[in-house]
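Listed here are the chains, written in short residue letters.
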Amino acid sequence: MLKGIDVSAYQSATYGTSGLSFVFIKATEGRSYVNSRLSAQTKHGRDAGLVVGFYHFLWPGDVTAQAEYFVAHAPEKRGDILAVDWENTAEGTHASNAEKDSFIRKVKQLRPNNRVVLYTNRHFWLTVDTTSYAGDGLWIADYVKAGHPRIKAKWLFHQYTDEPHDTNVADFSSADALREWARK
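The rules behind each value
- Residues numbered from 1 in each chain as written.
- Predicted model: local features only at pLDDT ≥ 70, side-chain atom pairs only at ≥ 80, totals over all residues.
- Heavy atoms only, no water.
- Helix = DSSP H or I, 4+ residues; strand = E, 2+ residues; numbered from the N terminus.
- Rg over C-alpha atoms; globule rule 2.2 N^0.38 Å.
- Buried < 20%, exposed > 50% of the residue type's maximum accessible area, 1.4 Å probe, protein only.
- Contact = heavy atoms within 4.5 Å.
- Areas by Shrake-Rupley, 256 points an atom, 1.4 Å probe, with all protein chains shown as cover.
- Salt bridge = Lys/Arg side-chain N within 4 Å of Asp/Glu carboxyl O.

(A) Representation of the overall build of the protein within the structure. Counting secondary structure elements, the protein contains 5 helices and 9 strands. Against the 2.2 N^0.38 benchmark of 16 Å for 184 residues, the protein shows a C-alpha radius of gyration of 15 Å, consistent with a compact globule. A principal-axis box enclosing the C-alpha atoms of the protein has dimensions of 40 × 35 × 30 Å. Counting across all 184 residues of the protein, residues that qualify as buried make up 51%. Long-range pairs, those at least 24 residues apart, make up 61% of the contacts in the protein with a sequence separation of at least 6. Accessible surface for the protein amounts to roughly 8,400 Å². Of this, 48% is attributable to carbon and sulfur atoms.

Rendered as structure tokens:
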């Protein structure tokens, strides 16, 4: 299993990279938020030779506008991974299954040279999701032993803890295999 983390504006622009193969960076949320450390966190990950991914926290509502907002702000480089973060908002609402699926499809249309994956937690995957559509792959959050999320679906990334930060593993045989997959 490959190791990686995900970061947002809450983390330093110079997060630790030792022993990591990938990083996911929060880029946007809804249609009005952009991570203030996005550029610096991206440069830091690239300089460390990591596979870099970006994620958008999806709100219910105009998913076409959100997809356009996301791709307008997420750096564009072949081999980067794009993700939609589908979970409850601070208000306790969430995008519908149809909105989640439409968002993924729109991002894939807007960025045909990038992989697009779904990030969600185990509860959403098992009780809210009705379509099982995850674009190019599933990134599942389930805080158990690394690499052993409690789902039956095929997954590519597993977030298994948030202590001391969001820590993940990827189901690839090597960093080169991850890079090759990400490059399509």
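Following the structure, the description resumes.
(B) Region of the structure containing the pattern of salt bridges. The tally for this structure, following the rule as stated, stands at 11 salt bridges. Note that Arg 150 and Asp 142 form a salt bridge whose closest N and O atoms lie 2.6 Å from each other. What makes Arg 150 partly exposed here is its relative accessible area of 46%. A relative accessible area of 4% places Asp 142 in the buried class. Among the ionic pairs, Lys 154 bridges to Asp 171, the shortest N-O distance being 3.0 Å. Note that Lys 154 is positioned in the loop between β7 (138-141) and β8 (157-161) and Asp 171 in the loop between β9 (167-170) and α5 (175-182), a separation of 17 residues in sequence. Taken together, the shared-partner salt bridges in this structure form one network comprising Lys 100, Asp 101 and Asp 129.

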